[in-house]
Structures are given as C-alpha cells and as structure tokens.
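What follows is each chain in one-letter form.
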Amino acid sequence: MSERSELARVPESLTGRIVTPGDRRYAALRSTYTRRATPAAVLLPQDTAGVVAALRYAREQGRPIAVRSGGHGLAGTSSVDDGVVIDLSGLNRIEVLDRASRLVRVEAGARWAEVAQTLSPYGLAISSGDHGNVGVGGLATGGGVGWLVRSYGLTIDHVRAVEVVLADGTVVRADATREPELFWAVRGAGAGVGIVVAFEIEATELRQVGVAQIAVEARPDGSTVRQWAEVLRGAPRELSTAVTLMPYGPVTVMSITAVVAAESLRRVRPLVAPLREIGRLLDDRIDLVPYPALVPTAHLHPNLGQQPSLTTNGLLTGMDDGQARAVMRAAGRALIQLRSVGGAVNDVPPEETAYPHRHQDTLVVASVFPPQGPAALDAAWSGLARRVEGAYVNFEGRTGPAVLARVYPGETGRRVARAWRRYDPDGIFRA
Ligand SMILES: Cc1cc2nc3c(=O)[nH]c(=O)nc-3n(C[C@H](O)[C@H](O)[C@H](O)COP(=O)(O)OP(=O)(O)OC[C@H]3O[C@@H](n4cnc5c(N)ncnc54)[C@H](O)[C@@H]3O)c2cc1C
C-alpha cells in the first residue's frame with residue numbers, strides 16, 4: 001500500500017518534518033523500545049508551534065494518533081500501526097531557569113541522561129528513573145520512581161508548571177493556580193489530557209551519590225525478601241534500593257542496587273550495611289559516583305522494538321510471609337524487580353496528584369519475554385495479584401479498563417476520567 005499517497009499534503013511548517021515508509025529515517029522512527037510498529041507517518045516538530053501544526057495535521061488524517069517522547073513506554077503506545085506518530089524528540093531543550101530556587105525547564109523529548117548531564121555542572125539533579133534513555137515526557141506524566149525516590153519523592157512531585165498542547169490545538173500553561181485540574185491530571189495521568197511540551201521541575205542539590213551493588217542468596221521461603229523490606233522500612237530516607245531476583249540454578253540471587261543520597265562514604269556505609277546481612281553474601285561493592293553515572297549517556301540508543309516484553313506491577317505495604325513467598329514463587333516464572341517507594345513519596349496526600357498510591361512502600365514489577373506471552377505473565381503474577389494494591393502506570397505493559405482501575409482506583413479514577421473527557425472530548429489521545 002502506498003501510505004504516503006493516502007496522506008494529505010503536509011503544510012509548509014511541517015516540510016521535511018514528516019517521515020513515511022520509504023524515507024530512510026523511517027526504520028529508526030517507526031518503533032518503540034518494546035514494539036515494532038508500522039505507522040503511516042511520523043511527524044517531527046521542533047517547537048510548540050510545530051506540535052500544534054503536527055496535531056492539526058494528524059487530526060485531519062482521521063487516523064489514530066500516538067504521542068512519543070522517548071519511546072520507552074512499556075505498553076508500546078507511543079507508536080501506532082497505520083496511524084500518525086507525533087515524535088517530540090526535537091523538543092529536547094534543558095534550561096536552568098533559576099539556580100537559587102533550583103527551577104529547571106525541560107522539554108518533553110529530552111532523555112533523562114541528557115537532563116542529568118546538563119544539570120550536573122550546576123550541582124543539581126532530578127530523580128527520574130534508572131535508565132538514561134527514558135524520555136522526559138512519558139516518565140514525568142506518569143510518576144517517576146527514581147534512584148533517590150525515598151528522599152526526593154516521585155518526579156511528578158517536583159513539577160511546578162507544565163506547557164500543554166490540548167486536543168483542540170490550544171496551548172495552555174498549567175500550574176497550581178492556573179488550570180489546576182489540568183495540572184493535577186498531568187501529574188500521573190498526563191498521557192490522556194494532551195501533549196505536554198515542557199515541564200518546570202524543582203531539582204535538588206546533589207553532586208555525588210553513594211552506590212552499593214550487593215548480591216545475596218534469597219531463601220525460597222521469602223525470609224530474605226522480608227528482611228530486605230524490613231531494613232528499608234526502618235532506614236533513613238537517603239537510602240533507596242532496586243532489586244532484581246534472578247534464579248540461577250537451584251538458588252535465587254537477589255541483586256540489590258542501593259543508592260544513598262549522601263556525599264560521603266562515612267554516611268553511606270552504615271546505611272547499606274544491614275542489607276549485607278539479609279542473606280548469604282555473594283558480592284558487595286560500594287562507591288561514590290556523580291549522579292549522571294546512574295543514568296549515563298551510554299544508555300542513549302534508538303528504539304527499534306529491540307526489547308519485546310510484557311510487564312505488570314503492583315504495590316505492597318509492608319511485606320508479610322505470604323507476600324514474600326508469593327514474590328519468590330513469581331521469581332521462578334518471570335523477571336521480578338522490587339523497587340523502593342515510600343519515604344517522601346508518602347508525604348504527598350493521595351488526592352494531590354493523579355498518582356494516588358501514597359501509603360505503600362514497595363513496587364513489585366514482573367516481566368516476561370518472548371516466547372512467553374500474556375498467559376505466562378498471568379501465571380507468574382497469579383499469586384501476587386490478590387496481594388498487591390494499586391499499580392503504577394509506567395510499569396504497566398497492558399492496557400484496558402481492568403488496568404486503569406488498578407492504576408487510578410476509586411475517586412482518582414473518576415476524576416481522571418472527567419479530566420480526560422474535559423480536555424480531550426473526542427478521545428484522540430486515548431484511542
Ligand atoms: C528500560 C526501562 C527502564 C525504566 N525504568 C524506570 C524507572 O526506573 N522508573 C520509572 O518510573 N519508570 C521507568 N520506566 C518506565 C518509564 O517511566 C515509562 O516507560 C515512560 O512512559 C517512558 O517515557 P518515554 O517518554 O520514554 O515513553 P514513550 O513511549 O514516548 O511514552 C509513553 C507513554 O506516555 C505518553 N507520552 C509520552 N510523552 C508524552 C507527552 N509529552 N505528553 C503526553 N503524553 C506523553 C505516550 O503517548 C505513551 O502513552 C522504565 C522503562 C524502561 C523501558
């Protein structure tokens with residue numbers, strides 16, 4: 001099929017900014033990290049006016065529309081077969097607006113590695129996620145569980161204003177007093193309200209962080225996992241951890257990356273020491289590194305559908321025996337990650353943003369990879385499904401009403417639905 005001939009002529013403002021099948025740039029732009037796709041066109045605006053023009057053009061085609069910042073979304077929704085992708089990678093400026101108040105403006109198409117790199121000379125950092133290639137737009141409209149999550153909170157908790165192109169092409173600046181409902185929805189449910197072109201975010205003072213890589217053997221009865229959760233519950237907020245459970249022959253290795261928001265090893269060592277005691281120690285390294293080393297520019301790469309996978313997640317408060325055993329059983333059937341939340345995340349009232357999960361302290365993430373599919377993920381997750389409470393949109397690879405009900409439960413869900421209808425009455429961003 002000649003896709004291009006079916007598309008209307010592009011307006012002058014988009015000349016050279018539309019990539020269709022046959023264009024040599026198409027191969028690098030068609031897909032996302034998890035999904036190979038065949039869009040009819042990818043539009044490459046370079047500024048807000050370009051986004052408005054791209055959106056108008058995309059709407060005129062009557063095809064599904066996908067919005068992409070970094071293309072790392074696990075559900076693969078930032079590309080669309082036969083539709084039009086608005087790719088924001090050209091909007092990637094990063095600017096310190098005011099060093100004294102640590103206010104930073106970041107455009108949606110920048111990658112978090114670039115943000116860390118740009119802020120580092122100012123002695124500033126924004127806790128985002130664990131990967132430098134993740135885009136600003138997807139992460140900062142969903143949540144942002146970063147390396148400093150227990151001391152800093154979620155990325156969205158530090159967003160002070162946003163610039164959004166709404167479905168009708170209007171450009172709106174939203175903050176706590178102007179368009180407060182839009183500002184509320186963008187922080188957790190942003191993918192359904194419009195195209196966020198830029199965020200103003202309050203960074204934190206940070207040059208170095210302590211990083212420990214600890215590997216212990218995880219006992220199958222769940223006691224090691226339980227002890228990890230207990231250590232974290234009692235630990236100062238400077239400590240955040242990310243854990244991967246890896247079956248290795250008859251044993252399961254618990255690989256812990258512990259990050260301490262402190263600039264001296266004298267402070268870092270005692271905080272990570274209890275983690276070395278929770279199981280038979282297999283490996284143990286500790287260092288101080290500049291924050292950008294945690295989300296390095298070495299992560300930057302094009303997304304070509306190279307990592308097909310299916311992911312789901314849920315949150316836990318505490319870790320009882322049943323939950324810990326369920327985590328261990330799941331680890332035998334899927335890749336299981338445990339991420340610290342809690343701490344500063346839970347200082348924010350649940351109704352303040354569209355991310356309402358403000359009392360839990362662990363995020364459990366399960367992924368399967370081809371040839372395993374949805375049935376394998378369901379089987380792996382079955383023991384955890386009734387034990388978790390809520391879910392985080394950005395670690396969810398599945399879509400649909402059941403997923404939305406877990407991500408946006410109760411009153412949050414009703415308010416999100418109202419905001420999505422109000423700002424995007426035709427549902428073009430929800431298609
Ligand atoms: C390897 C890897 C590591 C990760 N690590 C972490 C982590 O440590 N912490 C964490 O919190 N998350 C993590 N994530 C999840 C990540 O936050 C989400 O996948 C996020 O949505 C990716 O953002 P993106 O801009 O790259 O995604 P995209 O694929 O471009 O977009 C994802 C979704 O957001 C929407 N969207 C994108 N940009 C905008 C915008 N400007 N305005 C409105 N909607 C938009 C898209 O339409 C799509 O629905 C990780 C993902 C991967 C693949």
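Residues numbered from 1 in each chain as written. Predicted model: local features only at pLDDT ≥ 70, side-chain atom pairs only at ≥ 80, totals over all residues. Heavy atoms only, no water.

If you tally the helices and strands in the protein, you get 13 helices and 18 strands. For 431 residues, the compact-globule estimate of 2.2 N^0.38 gives 22 Å, and the protein sits close to it at 21 Å. Going through the 431 residues of the protein one by one, you find that 58% of them count as buried. Pairs at least 24 apart in sequence give 72% of the contacts found in the protein among residues at least 6 apart. Carbon and sulfur atoms make up 51% of the accessible area of the protein, which totals about 17,300 Å². (Helix = DSSP H or I, 4+ residues; strand = E, 2+ residues; numbered from the N terminus. Rg over C-alpha atoms; globule rule 2.2 N^0.38 Å. Buried < 20%, exposed > 50% of the residue type's maximum accessible area, 1.4 Å probe, protein only. Contact = heavy atoms within 4.5 Å. Areas by Shrake-Rupley, 256 points an atom, 1.4 Å probe, with all protein chains shown as cover.)

Along its sequence, the protein is organised into domain 1 (3-87) and domain 2 (94-205 + 412-423). Between the C-alpha centres of domain 1 and domain 2 the distance comes to 22 Å. Here domain 1 and domain 2 share an interface that buries about 1,000 Å² over both sides, 68% of which is from carbon and sulfur atoms. Looking at the side of domain 1 facing domain 2, the largest losses of area belong to Thr48, Ser69 and His72, adding up to 43% of the total buried there. Our enumeration of links across domain 1 and domain 2 arrives at 0 salt bridges. In this assembly, domain 1 and domain 2 are joined by 3 residue pairs in polar contact (both at pLDDT 80 or more). At 5 residues, helix 3 (residues 48-60) tops the list of elements feeding residues into the side of domain 1 that touches domain 2. (Domains from an automatic or database assignment. Buried area = accessible area lost by both parts, 1.4 Å probe. Salt bridge = Lys/Arg side-chain N within 4 Å of Asp/Glu carboxyl O. Polar contact = N/O pair within 3.5 Å; in protein donor to acceptor, adjacent residues only side chain to side chain.)

A separate point is the layout of surface pockets. Of the voids in this model, the second largest pocket is the one considered here, and its volume is about 200 Å³. Around the second largest pocket, the lining is made up of 16 residues, and of these Ala28, Leu29, Arg111, Pro302 and Asn303 lie nearest the centre. Grouping the constituent residues of the lining of the second largest pocket by class yields 4 nonpolar, 8 polar and 4 charged. Residues lining the lining of the second largest pocket come from more than one domain, with at least three contributed by each of domain 1 (3-87) and domain 2 (94-205 + 412-423). (1 Å grid on protein atoms, 1.4 Å probe; cavity = no way out; pocket = protein on both sides within 12 Å on 5 of 7 lines; lining within 4 Å. Points joined across faces, edges and corners; volume = space filled by probe spheres on them. Nonpolar A, V, L, I, M, F, W, Y, C, P; charged D, E, K, R; others polar.)

The tally for this structure, following the rule as stated, stands at 29 salt bridges. Between Arg160 and Glu202 there is a salt bridge whose closest N-O contact spans 2.9 Å. Of this pair, Arg160 sits in strand 8 (residues 159-165) while Glu202 is found in strand 10 (residues 195-202), placing the two residues 42 residues apart along the sequence. Look at Arg160 and you get partly exposed, because its relative accessible area is 34%. With its nearest N and O atoms 3.9 Å apart, the salt bridge here joins Arg398 to Glu396. On the accessibility criterion, Glu396 (4% relative accessible area) is buried. Connected through shared salt-bridge partners, Arg93, Arg105, Glu107 and Glu163 make up one network.

Moving on, we come to the pairing of strand 10. Burial within strand 10 is extensive, with 7 of its 8 residues counted as buried. Pairing between strand 6 (residues 103-107) and strand 10: 5 bridges, direction antiparallel. Considered in strand 10, the bridge of Val106 is made with Phe199. Pairing between strand 8 and strand 10: 6 bridges, direction antiparallel. Bridging across to strand 10, Val164 finds its partner in Val196. (Pairing = 2+ DSSP bridges.)

Now for the sheet that holds strand 16 (residues 310-316). With antiparallel pairing, 7 strands are arranged side by side in an open sheet as 15-12-14-13-17-18-16. Lying at the two open borders of the sheet, with one neighbouring strand each, are strand 15 (281-290) and strand 16. Here the average twist between neighbouring strands, direction ignored, is 15°. In terms of strand pairing, strand 12 (residues 208-218) meets strand 14 (residues 251-260) through 9 bridges, oriented antiparallel. (Axes fitted to C-alpha atoms, helices over the stretch in contact; angles between N-to-C directions.)

Another point: the packing of aromatic side chains. Summed over the entire model, instances satisfying the criterion amount to 3 aromatic pairs. Ring centres 5.9 Å apart and planes at 75° place the aromatic pair Tyr355 and Tyr392 in the edge-to-face group. Note that Tyr355 is positioned in the loop between strand 17 (335-340) and strand 18 (362-368) and Tyr392 in the loop between helix 11 (374-385) and helix 12 (401-407), a separation of 37 residues in sequence. For Tyr355, a relative accessible area of 3% translates into the label buried. Look at Tyr392 and Phe395: their rings are 5.4 Å apart centre to centre, the planes differ by 85°, and that puts the pair in the edge-to-face class. Three or more aromatic residues joined by ring pairs form one cluster here, namely Tyr355, Tyr392 and Phe395. (Phe/Tyr/Trp six-rings, centres within 6.5 Å; stacked < 30°, edge-to-face > 60°.)

Below, the discussion takes up the site of the ligand. Around the ligand sit 32 residues in total, of which Val67, Ser69, Ser78, Asp130 and Tyr392 are the nearest. At a separation of 2.7 Å, a nitrogen atom of the ligand approaches a polar side-chain atom of Ser69. Measuring from an oxygen atom of the ligand, one finds a backbone N or O atom of Gly73 at 2.8 Å. Taken by itself the ligand offers 960 Å² of open surface, and the protein chains cover 93% of this. Contributions of two or more residues to the shell around the ligand are made by strand 3 (65-68), helix 5 (136-142) and strand 10. When residues of the shell around the ligand are assigned to their parent elements, the largest contribution, 3 residues, is made by helix 5. By residue class, the composition of the shell around the ligand is 13 nonpolar, 16 polar and 3 charged. Each of domain 1 (3-87) and domain 2 (94-205 + 412-423) gives at least three residues to the shell around the ligand. (Near = heavy atom within 4 Å.)

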